[in-house]
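Coordinates in review
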Amino acid sequence: MVSLLVRTFQTIGRTIGKFSLIATISTGLIAGDALAQQAGPTPGSAKAIFGAVTLPTQGPTQSIGFYAKGCLAGAVALPTDGPTWQAMRLSRNRRWGRPDMIGLLERLSRDAAKHDGWPGLLVGDISQPRGGPMFNGHASHQIGLDADVWLTPMPPRKLTVAERETLPFTSMLAKDKFLTINDRVWTPAHARLLMRAASYPEVERIFVNPAIKKKMCDTWTGDRSNLGKLRPEYGHDSHFHIRIKCPPGATACKPQAPVAAGDGCDKSLAWWFTKEPWAKPAPPKPPREGLVSDLPKACAAVLDTPSVASVAAATYGGPSAASALTATPAAAPAVSDQGLPPTGPVPADKPMQ
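First, a word on what this report is: a plain description of the structure on this page. Predicted, not measured: the structure shown is a model, and the values here were computed from it. (Residues numbered from 1 in each chain as written. Predicted model: local features only at pLDDT ≥ 70, side-chain atom pairs only at ≥ 80, totals over all residues. Heavy atoms only, no water.)

1. Examining the overall build of the chain
Along the chain, the regular secondary structure elements total 10 helices and 11 strands. Evaluated residue by residue, the chain yields a buried proportion of 52% over its 353 residues. Long-range pairs, those at least 24 residues apart, make up 81% of the contacts in the chain between residues at least 6 apart in sequence. Accessible area for the chain stands at about 15300 Å²; split by element, carbon and sulfur atoms hold 60% of it. (Helix = DSSP H or I, 4+ residues; strand = E, 2+ residues; numbered from the N terminus. Buried < 20%, exposed > 50% of the residue type's maximum accessible area, 1.4 Å probe, protein only. Contact = heavy atoms within 4.5 Å. Areas by Shrake-Rupley, 256 points an atom, 1.4 Å probe, with all protein chains shown as cover.)

So this is what it looks like as structure tokens:
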């Protein structure tokens, strides 16, 4: 498998050229998924309406619809700070999710600190207070079952609000090579963190950059039974994206097809190292923004449901777990979206060809 990837890479380098290929990649990613990466929502769109809601609903938790077309009732917030985690980009107000997801993130942070040499998690976007589509950064993350975790370890001090808004992402990729890990920033602890996350039964997929997947295929010497959960996807070079299954009893949650058997270190990975995934796309058509009526019918009712009294009242672990560290929600992104790893449509195991 390793030799196949090496031969493929060498062929690409000879036929396209290293720097022209990187330019092609950049162009393709910027052009892709205009809906998810636009600068602001159209008034009246589902993105605008869900993005304007600041608190979750009262009542039980429900994930309604699919990861990229749905909403969330009864969400809880990840506390901004814990012994082994800190929430980032607070102005986005996207640290909401199902209790299942928030509990898993806290567990991962503890386990990785105890067993894997990872000092703590910097947690990025989870979902909005009532889920639904976001006006930038993501096509999924709509039902409280997706979460982004930075590949930057938590520092040994509590970050300020301003630092959480401006701390730059750290890419794991070499700047002058095609889909190649930068070994000056990648460490064995990164690999252990990913495999720790993949080890939990409720985790169905973890989206990572194809170069990270290849690195894991080439170097991971431990138990490989969960390696197949690491799925290559565009972007995802400075964070990884955890997706958990629809929980038992979540009848309104639409599941994704299971991950194929095997470790994923096969021709499906080799495909990412060909020209095809990085071909310059056709100019995108002007997108039509989705409306609330395009979502599952229950999402209109979610918007109409009374809110909880406060963020503290809906913080996972109870009001005592809530922090006074807050940021005023921003009408525009807290940082340029150029700092956000590009995302395409709902990450699949391999984009449609």
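After presenting the structure, the write-up continues.
2. Observations regarding the pairing of strand 11 (residues 239–244)
Two faces make up the sheet, and in a regular strand the side chains alternate between them. The element strand 11 is extensively covered by neighbouring structure, given that 6 of its 6 residues are classed as buried. With burial as the criterion, each face of strand 11 is covered, one bearing His 239, His 241 and Arg 243 and the other bearing Phe 240, Ile 242 and Ile 244. With 4 bridges connecting them, strand 9 (residues 203–208) and strand 11 associate as antiparallel partners. Considered in strand 11, the bridge of Val 203 is made with Ile 244. (Pairing = 2+ DSSP bridges.)

3. Here's the deal with the pattern of salt bridges
Tallied over the entire structure, the rule returns 13 salt bridges. For the salt bridge of Glu 204 with Arg 205, the shortest nitrogen-to-oxygen distance reads 3.2 Å. In this structure, Asp 294 engages Arg 288 in a salt bridge whose closest nitrogen and oxygen atoms are separated by 3.0 Å. Owing to a relative accessible area of 29%, Asp 294 belongs among the partly exposed residues under this scheme. (Salt bridge = Lys/Arg side-chain N within 4 Å of Asp/Glu carboxyl O.)

4. Brief notes about the packing of aromatic side chains
Going through the model one piece at a time under the given rule, you end up with 8 aromatic pairs. Summarising the aromatic geometry, the rings of Phe 178 and Trp 278 are spaced 6.2 Å apart at their centres and angled 90° between planes, so their arrangement reads as edge-to-face. Taken together, the positions of Phe 178 in the loop between helix 6 (161–166) and helix 7 (188–198) and Trp 278 in the loop between helix 9 (267–270) and helix 10 (298–304) put the pair 100 residues apart, joining distant regions of the chain. In this structure Trp 278 comes out as buried when scored by relative accessible area, which is 4%. Ring centres of Trp 271 and Trp 272 lie 5.2 Å apart, and the angle between their planes is 80°; this geometry places the pair in the edge-to-face category. By relative accessible area, Trp 271 is classed as buried at 9%. Here the guanidinium or amino end of Arg 89 rests over the ring plane of Phe 169, the centre of that ring lying 5.0 Å away. Over the face of the ring belonging to Phe 135 we find Arg 94, whose NZ or CZ atom lies 6.0 Å from the ring centre. (Phe/Tyr/Trp six-rings, centres within 6.5 Å; stacked < 30°, edge-to-face > 60°. Lys NZ or Arg CZ within 6 Å of the ring centre and 35° of its normal.)

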